[in-house]
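Spelled out, the chains give:
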Amino acid sequence: MAAGFRRSAARRLGGLLPWIGLVGAVAAAWQASLWSGVMTPDLLPPIGEVLATAVSLLGRPAFLASVGVTVAEVLVAFVIAVPLGVALGFAISESRYWSAILKPIVFLIFSIPKTIFLPMFILAFGINFGQKVGFGVFSTIFIVLISSFSALDSVKSDHVRVARAYGASPWQIAWRVYMPAMAPILLEAVRLAMIFNLTGILLAEMYASRAGLGQLIASWGENYMLKELLAGILLIAAAAILFNEAVRWFEARCEHWRS
């Protein structure tokens, strides 16, 4: 048992080594650019000062309040966009008629930068919580739709026919046939959806907002507060990486569902 624990710990450490090496390389390049004179502290503050600022931000009530606003917007948009995207993707893919009509439209809209639609959301909803959530859903749902199309295509028709031949109900087919085959692709879609969702929310807050991390970052940039700006970016990146790794961990636990 102890040997198994040590092997598991060694594997986890081995998986962390590339991340540790990458972070170390970035930190070394950061400091080297300052020591060599390529960058000046006015343009790129020392990494130690940025990290200290990041720690101090976590103790500021105003910053935590902005984090709370952004987290609420991200979670609400995510909870709406992912189930809705999966359900619509399933409904569209199951109909040849609607697939022929709607799939090209979905791919067309997905290829268009969503930021050009942001003024329309501001005009329609105003500058409020609903506008940020709406834009987050709009930024996210198309990647979920496309992933759902791919997930449904991965389901083997032979498995569905066999399940029907044995008298399985539609619910049993969905749970026992569709879900195991679709789960790995859908979990990948969840990771991508959060990236699109967070990006959309932050852009909406930076463009026009009264609160939120995006508004803070835009304010720090406009006022040349580089330590706070870089510290905020590092904290957002750390949160995104943690979410990404959590979904990857869960995805690895679903490997046995692959068919």
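See the structure printed just above.
Quick notes on the rules
- Residues numbered from 1 in each chain as written.
- Predicted model: local features only at pLDDT ≥ 70, side-chain atom pairs only at ≥ 80, totals over all residues.
- Heavy atoms only, no water.
- Helix = DSSP H or I, 4+ residues; strand = E, 2+ residues; numbered from the N terminus.
- Phe/Tyr/Trp six-rings, centres within 6.5 Å; stacked < 30°, edge-to-face > 60°.
- Buried < 20%, exposed > 50% of the residue type's maximum accessible area, 1.4 Å probe, protein only.
- Salt bridge = Lys/Arg side-chain N within 4 Å of Asp/Glu carboxyl O.
- Arc of directions from axis to C-beta.

## Overview of unusual backbone geometry
Not every positive phi belongs to a glycine, and Tyr 224 is a case in point at roughly 60 degrees. If you trace the backbone, Tyr 224 turns up in the loop between α9 (213-222) and α10 (226-253).

## With respect to the packing of aromatic side chains
To describe a pair of aromatic rings, you give the distance between the ring centres and the angle between the ring planes. The final tally for this structure, using the stated rule, is nine aromatic pairs. Ring geometry for Phe 63 and Trp 220: centres 6.4 Å apart, planes at 15 degrees, overall stacked. Here the residue Phe 63 occupies a position in helix α3 (residues 61-93), and Trp 220 occupies one in helix α9, the gap between them amounting to 157 residues. Given a relative accessible area of 5%, Phe 63 falls into the buried group. For Trp 220, a relative accessible area of 7% puts it in the buried group.

## Some words on the pattern of salt bridges
Enumeration according to the criterion identifies one salt bridge in this entry. In this structure, Lys 227 and Glu 49 form a salt bridge, with 3.9 Å as the shortest nitrogen-oxygen distance. Taken as a pair, Lys 227 in helix α10 and Glu 49 in helix α2 (residues 47-57) lie far apart in primary sequence, 178 residues in all. Classification of Glu 49 by relative accessible area gives partly exposed; the value is 38%.

## Description of α2
Within α2 the residues assigned to the buried category are Ile 47, Val 50, Thr 53, Ala 54 and Leu 57. For α2, the arc enclosing every buried residue in end-on projection is 120 degrees, short of the 170-degree limit, so these residues lie on one face.

These figures come from the coordinates and say nothing about function on their own.
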